[in-house]
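Survey of secondary and tertiary structure
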Amino acid sequence: MPLGLVRGGTVIRCFSVVCTIGTPQTILTEEVRLECMFPADEASKRHHLALIGA
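Bear in mind the structure is a predicted one, so any value in this text is a computation, not a measurement.

Observations regarding the overall build of the chain
Scanning the chain from terminus to terminus reveals 1 helix and 3 strands. The helix and strand sequence of the chain, counted from the amino end, reads β-β-β-α. Evaluated residue by residue, the chain yields a buried proportion of 7% over its 54 residues. Sequence-distant contacts, at least 24 apart, represent 31% of the contacts inside the chain between residues at least 6 apart. Accessible surface, the chain: about 4,600 Å² in total, of which carbon and sulfur atoms supply 62%.

Next up, the structure:
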């Protein structure tokens, strides 16, 4: 699913990946979902790297 965020006049484009892991056999961890966001273009990638100081 594509997502566009605006921060300080800059559009940051991302896409998300959802992973669902489930086992109906245990009552404690019936289902776990992980969602990761990744930059969708080079400009967004550079912005992310600048935010983390890399």
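So, the sheet that holds strand S2 (residues 10-22)
An order of S1-S2-S3 is seen for the 3 strands of this open sheet, with the pairing classed as antiparallel. The sheet is open, and its two edges are formed by strand S1 (2-7) and strand S3 (31-39), each paired on a single side. Ignoring strand direction, the axes of neighbouring strands in this sheet form an average angle of 35 degrees. Inspection of the sheet shows S1 paired to S2 by 6 bridges, in the antiparallel sense. Within S2, the residue paired with Val6 across the bridge is Val11. Along the sheet, helix H1 (residues 42-52) makes contact with S1, S2 and S3, crossing S2 at roughly 80 degrees.

Some words on the confidence of the model for the chain
Of the residues in the chain, 87% reach a pLDDT of 70 or more, and the chain-wide mean stands at 84. S1 is the least confidently modelled element of the chain, averaging 84 in pLDDT, while H1 averages 89, the highest of any element.

Definitions and cut-offs
- Every chain's residues receive numbers from 1 upward, in the order its sequence appears when written.
- Per-residue local features of the predicted model are confined to residues with pLDDT of at least 70, and side-chain atom pairs are confined, for both listing and counting, to 80 or more; whole-chain, interface and lining totals are unaffected and use all residues.
- Only hydrogens and water are set aside; all other atoms, that is, all heavy atoms of the structure, feed into the side-chain values.
- Elements are defined by DSSP. Helices are runs of H or I of four residues or more, strands are runs of E of two residues or more, and each kind is numbered from the N terminus.
- Remark: exposure states derive from per-residue accessible area (1.4 Å probe, protein chains only) relative to the maximum for the residue type, with buried under 20%, exposed over 50%, and partly exposed in between.
- Any two residues whose heavy atoms approach within 4.5 Å are treated as being in contact.
- All accessibility values rest on the Shrake-Rupley procedure with a 1.4 Å probe; residue burial counts only the protein chains present in the view.
- DSSP bridges decide pairing: two strands pair if at least two such bridges lie between them.
- In this analysis, axes come from line fits to C-alpha atoms, helices being fitted only over the stretch in contact, and the angle between any two N-to-C directions falls in the range 0 to 180 degrees.
- pLDDT expresses how confident the predictor is about each individual residue, on a scale running from 0 to 100.

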